Amino acid sequence: MPVKDDGELLRRCLGALAQQRRRPDEIVVVDNGSSDHSAQVARDAGARVVFVDGGGIPAASAAGYDAASYDVIARLDADCLPGPAWLERVAAAFAAHPDAVAVTGGAHFIDGPKRLRQPLAAFYLGAYFGTVYLALAHIPLFGSNFALRRDAWESVSGAVHRGDAFVHDDMDLSLHLGPERRIRYVRGLGMGISMRPLFDASGFATRIRRGFHSLTIHWPHEFPWLRWARRLRR
């Protein structure tokens, strides 16, 4: 879990992880240069804290995966609110799909205008999964709600763009896992997320630019039609 200056939301998220029916074996919080009390909040909850100064979310996420000790690495954000069955369902998904190197799921908004939460979540996630699926030739990982096998991470850890702060780390990781490996979308693996990004017009536009950047830095070798051809050969 990467965090930067989100101590109180981190406290809420860690409280939800403490209520999981399938308890986490460990919690790794990566402090990406916070100026608040995020690191102390994590320590107070019994989490292991890793410090990364700079590099943005890609560097922080990669450092967290590197530091993880167990065979499955689950990923969420500090402002997320997982339900009590989240990790239980992650474990069940891997047991049901031994061919999958990663599993991912959707989300619902837990703040913002109540009437807009469901339609905006459907639009936001539908646009992401739909467009990125076409570009990748497979289901992409959703950064606030996924888990991957440790050996899959180790196979691509040297190739991901962890030093490029403008990259969407989940999209970049999805690209490197590639169409040769299987990522499963699991219904019911829902996650509570914040609507904050949608209230910042310039920030939302930046997210879109980062998405295009995350794709195009892999071209021409990862043009969509080449990836689809590789998927069909699989």
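Since the model is a prediction, treat every value here as computed from it, not as a measurement. (Residues numbered from 1 in each chain as written. Predicted model: local features only at pLDDT ≥ 70, side-chain atom pairs only at ≥ 80, totals over all residues. Heavy atoms only, no water.)

## Considerations on the overall build of the protein
And step 1. From N to C terminus, the protein includes nine helices and 10 strands.
And step 2. Scored against the burial criterion, the 234 residues of the protein give a buried share of 48%.
And step 3. Contacts spanning at least 24 positions in sequence make up 76% of the contacts within the protein whose residues lie at least 6 apart.
And step 4. Of the roughly 11200 Å² of accessible surface on the protein, a fraction of 56% belongs to carbon and sulfur atoms.
And step 5. With 29 positive and 25 negative side-chain charges, the protein shows a separation of 7 Å between the mean positions of the two kinds. (Helix = DSSP H or I, 4+ residues; strand = E, 2+ residues; numbered from the N terminus. Buried < 20%, exposed > 50% of the residue type's maximum accessible area, 1.4 Å probe, protein only. Contact = heavy atoms within 4.5 Å. Areas by Shrake-Rupley, 256 points an atom, 1.4 Å probe, with all protein chains shown as cover. Lys, Arg positive; Asp, Glu negative; His and termini not counted. Charge placed at Lys NZ, Arg CZ, Asp CG, Glu CD.)

## Notes on the pairing of strand β6 (residues 100–104)
And step 1. Most of β6 is tucked away, with five of its five residues classed as buried.
And step 2. Both β6 and strand β9 (residues 182–185) contribute to a ladder of four bridges, which runs parallel. Bridging from a neighbouring strand, Ala102 pairs with Ile183 of β9. (Pairing = 2+ DSSP bridges.)

## Structural notes on the pairing of strand β4 (residues 72–75)
And step 1. Here β4 shows a buried face lined by Ile73 and Arg75 and an unburied face lined by Val72 and Ala74.
And step 2. Pairing of β4 with strand β8 (residues 146–149), which is carried by four bridges, proceeds in the antiparallel orientation. Across the sheet, residue Arg75 finds its bridge partner in β8, namely Phe146.

## Some thoughts on helix α1 (residues 7–18)
And step 1. With 12 residues, α1 should cover 16 Å at 1.5 Å per step; its first-to-last C-alpha distance of 16 Å lies within 8% of that length.
And step 2. Buried-residue contacts for α1 involve β1 (2–3), β2 (28–31), α2 (38–44), β5 (81–82) and α4 (86–96). (Expected span 1.5 Å × (residues − 1).)

## Some points on the sheet that holds strand β3 (residues 48–51)
And step 1. Read from one edge to the other, the open sheet built from three strands follows the order β1-β2-β3, with strand pairing classed as parallel. Edge positions in the sheet fall to β1 and β3, since each has one partner strand and no second.
And step 2. Across two bridges, β1 lies against β2 in parallel orientation. Opposite Pro2, over in β2, you have Val30 as the bridge partner.
And step 3. Its contacts with the sheet put helix α3 (residues 56–67) on β1, β2 and β3, and the angle it makes with β2 is roughly 150°. (Axes fitted to C-alpha atoms, helices over the stretch in contact; angles between N-to-C directions.)

## Some words on the sheet that holds β9
And step 1. The four strands are arranged β4-β8-β6-β9 in an open sheet whose pairing can be described as mixed. Of all the strands in the sheet, the pair left with one neighbour each is β4 and β9. Averaged over all neighbouring strand pairs, the angle between strand axes comes to 20°, with direction disregarded.
And step 2. The strands touched by helix α7 (residues 169–177) are β4, β6, β8 and β9; relative to β8, the strand with the most contacts, the crossing angle is about 35°.

## Brief notes about the packing of helix α5 (residues 114–136) against helix α9 (residues 224–233)
And step 1. Interhelical geometry of α5 versus α9 gives an angle of 75° and a closest axis separation of 7 Å. Between α5 and α9, the crossing angle belongs to the class labelled roughly perpendicular. Contacts from Tyr133, Leu134, Ala135 and Leu136 of α5 reach α9 at Pro224, Arg227, Trp228 and Arg231.
And step 2. The residue inventory of the contact of α5 with α9, partitioned by class, reads six nonpolar, no polar and two charged. (Parallel < 35°, antiparallel > 145°, perpendicular 65-115°, else oblique. Nonpolar A, V, L, I, M, F, W, Y, C, P; charged D, E, K, R; others polar.)

## Brief notes about the side chain of Asp169
And step 1. The residue Asp169 is located in helix α7 in this model.
And step 2. Accessibility expressed as a relative area gives 13% for Asp169, which makes it buried.
And step 3. Those residues in contact with Asp169, other than ones at most four positions away along the chain, are Ile57, Pro58, Ser61, Tyr65 and Arg75.

## Describing the nonpolar core
And step 1. In this structure, Leu10 and Leu14 are the most contacted members of the largest nonpolar core, which totals 43 residues.
And step 2. Elements supplying a minimum of two residues to this core: α1, α2, α4, β6, α5, α7 and β10 (191–193).
And step 3. It is α5 that contributes the most residues to this core, eight residues altogether.
And step 4. Once residues lying within four places of it in the same chain are set aside, the contact partners of Leu10 are Met1, Val3, Val29, Ser38, Val41, Ala42 and Ala78.
And step 5. Of all hydrophobic cores here, the second largest spans 16 residues; its members include Ala62, Val101, Leu148 and Ala152. (Core = buried A, V, L, I, M, F, W, Y, C linked by side-chain atoms within 4.5 Å.)

Remember, this is a structural readout, not a statement about activity or role.
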